[in-house]
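Structural description and commentary
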Amino acid sequence: EFNLKVSNIHTIHVEESGNKNGNPVIFLHGGPGGGIEPIYRQYFNPKKWRIIIFDQRGCGKSSPHAELKENTTWDLIADIEKIRIYLDIDIWVVFGGSWGSTLSMSYAIMHPNRCKGLILRGIFLLRNKEIHWFYQEGASYIYPDAWEKYLSPIPENEHHDLVSAYYNKLTSNNKSIRLEAAKAWSIWEASTSRLVPSLLLHNFDDLRVAEAFARIECHYFINKGFFESDGWILDNVKAIIDIPIVIIQGRYDVVCPATSAWELHKILPNADFHIIQDAGHSMKEEGIASMLVEYTDKFSDL
């Protein structure tokens, strides 16, 4: 493992494992702000893969913690290239789920000749309608019990724009206001991520983890992913039509509903496309995990 200084402000934490001479893969974690976890290595055969995972700006062991300055999609894409160049890798497989899928596709659109394959799960295109569905109205109808807890830090007169209300709290100078909001924001996502709800997603009891996750997510979402248009990924994704791609989506994913994966599939008809019928959003769910492993085995010889 090593730390790489990527800007005047930011240093990112990178870990390498598996076979030094194996097929290189970069794992892009979710959130944004989720950080890496040891389980992420388990999707790759360590004899075949050179596995590279890193904490994106502001989260995990990257520093400064929960920093929002110089923290945009384009900064992260530049960081991925810095890692590739630092490790002297010419071309690699890119693996990402949820926000990791957003970042994977954005990186591949900008650097198609550096991607020999994409493994995408839980497709998130960071469009207004997706943010609205999960943080304003939609998922709330399926999880009214968890939604009530998500609403609790926000005064009723601010309920008409919950992302902005949360952003104000998450960027407050008052630490206790920030942490209360961070915990509620994070637990909402954890409560809805599996077909059978369980709070075992990420370590959100650790307020430090919750703060980075909530602050960075909300910062990206209020800024619409820093994309120049709402449909930027779908508008540009034909640039990667010839790269081997698999799209794996849980049927009952309420965090990133299957409609986004379907719209992507229509534009990338050559990509392998799998809807897992008994799964939600989490990559730890059995059907999703086994399909991911099947494809990391398939793609290990690319």
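Below is a short write-up of the structure. (Residues numbered from 1 in each chain as written. Predicted model: local features only at pLDDT ≥ 70, side-chain atom pairs only at ≥ 80, totals over all residues. Heavy atoms only, no water.)

**As for a nonpolar patch on the surface**
On the surface, a cluster of nonpolar side chains totalling about 310 Å² of accessible area is made up of Leu195, Val196 and Tyr252. Topologically, leucine 195 is positioned in the loop between α7 (175-192) and α8 (207-222). You can call leucine 195 partly exposed: its relative accessible area is 36%. (Patch = residues over 30% accessible without salt bridge, like charges linked within 9 Å, V, L, I, M, F, W, Y side chains within 5 Å. Areas by Shrake-Rupley, 256 points an atom, 1.4 Å probe, with all protein chains shown as cover. Salt bridge = Lys/Arg side-chain N within 4 Å of Asp/Glu carboxyl O. Helix = DSSP H or I, 4+ residues; strand = E, 2+ residues; numbered from the N terminus. Buried < 20%, exposed > 50% of the residue type's maximum accessible area, 1.4 Å probe, protein only.)

**Observations regarding the sheet that holds strand β1 (residues 2-5)**
Pairing is mixed across the open sheet formed by eight strands, whose spatial order is β1-β2-β4-β3-β5-β6-β7-β8. Edge positions in the sheet fall to β1 and β8 (272-276), since each of these pairs with one other strand and no more. Across the sheet, the axes of successive neighbouring strands diverge by a mean angle of 20°, strand direction being ignored. Looking at chain direction, β1 and strand β2 (residues 11-18) are connected through four bridges and run antiparallel. When the bridges of β2 are listed, leucine 4 appears paired with isoleucine 12. Contacts between helix α1 (residues 73-86) and the sheet are confined to β1, β2, β3 (23-28), β4 (49-55) and β5 (92-98), with β1 contributing the most and set at about 120° to the helix. (Pairing = 2+ DSSP bridges. Axes fitted to C-alpha atoms, helices over the stretch in contact; angles between N-to-C directions. Contact = heavy atoms within 4.5 Å.)

**A short note on the side chain of arginine 57**
Structurally, the position occupied by arginine 57 is in the loop between β4 and α1. Classification of arginine 57 by relative accessible area gives buried; the value is 3%. A polar contact of 2.7 Å, which involves the side chain of arginine 57, links it to the side chain of aspartate 79. Setting aside residues up to four positions removed in sequence, arginine 57 forms contacts with Val6, Ser7, His10, Ile12, Glu70, Asn71, Asp75, Leu76, Asp79 and Ile216. (Polar contact = N/O pair within 3.5 Å; in protein donor to acceptor, adjacent residues only side chain to side chain.)

**Notes on the packing of helix α5 (residues 144-151) against α7**
Put simply, α5 and α7 touch, their axes get as near as 8 Å, and they point 165° apart. The angle between α5 and α7 places the two elements in the roughly antiparallel class. For the pair α5 and α7, the sense of crossing is left-handed. Across the interface between the two elements, Ala146, Trp147, Lys149 and Tyr150 from α5 touch Ala184, Trp185, Trp188 and Ser191 from α7. (Parallel < 35°, antiparallel > 145°, perpendicular 65-115°, else oblique. Left-handed = near helix turned anticlockwise from the far one by under 90°.)

**Some points on the pairing of strand β7 (residues 245-250)**
In terms of burial, β7 is a largely internal element, six of the six residues being buried. A two-sided burial pattern is seen for β7, the buried positions comprising Ile245, Ile247 and Gln249 on one face and Val246, Ile248 and Gly250 on the other. Examined bridge by bridge, β7 and β8 share five bridges and lie parallel to one another. Residue pairing in the sheet places glycine 250 in a bridge with isoleucine 276 of β8.

**As for the packing of aromatic side chains**
Summed over the entire model, instances satisfying the criterion amount to 27 aromatic pairs. Between the aromatic rings of tryptophan 92 and tyrosine 107, the centroid separation amounts to 6.5 Å while the plane-to-plane angle is 65°, which identifies the pairing as edge-to-face. With tryptophan 92 in strand β5 and tyrosine 107 in helix α2 (residues 99-110), this residue pair connects regions lying 15 residues apart in the sequence. Under the relative-accessibility criterion, tryptophan 92 is labelled buried at 0%. Accessibility expressed as a relative area gives 0% for tyrosine 107, which makes it buried. Relative to tyrosine 150, the ring of tryptophan 147 lies with its centre 4.7 Å away and its plane at 40°, an arrangement referred to as tilted. Of this pair, tryptophan 147 and tyrosine 150 both sit in helix α5, three residues apart, which is roughly one turn of that helix. Among the aromatic side chains, those forming a connected cluster through ring pairs are Phe124, Phe134, Tyr135, Trp147, Tyr150, Tyr166, Trp185, Trp188 and Phe221. (Phe/Tyr/Trp six-rings, centres within 6.5 Å; stacked < 30°, edge-to-face > 60°.)

**Focus on the packing of α7 against α8**
One can describe the packing of α7 onto α8 by two numbers: an axis separation of 8 Å at closest approach and a directional angle of 80°. For the element pair α7 / α8, the angle class is roughly perpendicular. On α8, the residues touching Arg178, Leu179, Ala182, Lys183, Trp185, Ser186 and Glu189 of α7 are Leu207, Ala210, Glu211, Phe213, Ala214, Arg215, Glu217, Cys218 and Phe221. When its residues are assigned to classes, the contact of α7 with α8 shows nine nonpolar, one polar and six charged. (Nonpolar A, V, L, I, M, F, W, Y, C, P; charged D, E, K, R; others polar.)

**A look at helix α11 (residues 286-299)**
For α11, with 14 residues, the first-to-last C-alpha span of 20 Å sits near the 20 Å given by 1.5 Å per residue. Within α11, burial applies to Ile288, Ala289, Met291, Leu292, Tyr295, Thr296 and Phe299. Down the axis, α11 shows its buried residues gathered within 165° of arc, on one side only. Packed against the buried residues of α11 are β3, β4, β5, β6 (115-123), β7 and β8. (Expected span 1.5 Å × (residues − 1). Arc of directions from axis to C-beta.)

**Some words on the pattern of salt bridges**
Under the criterion given, the structure shown has 14 salt bridges. The partner of lysine 20 in a salt bridge is glutamate 16, and the shortest N-O contact between them spans 3.7 Å. The exposure class of lysine 20 is exposed, given its relative accessible area of 54%. Here glutamate 67 makes a salt bridge to lysine 69, at a shortest N to O gap of 3.8 Å.

Such coordinate-based values are descriptive only and should not be taken to indicate function.
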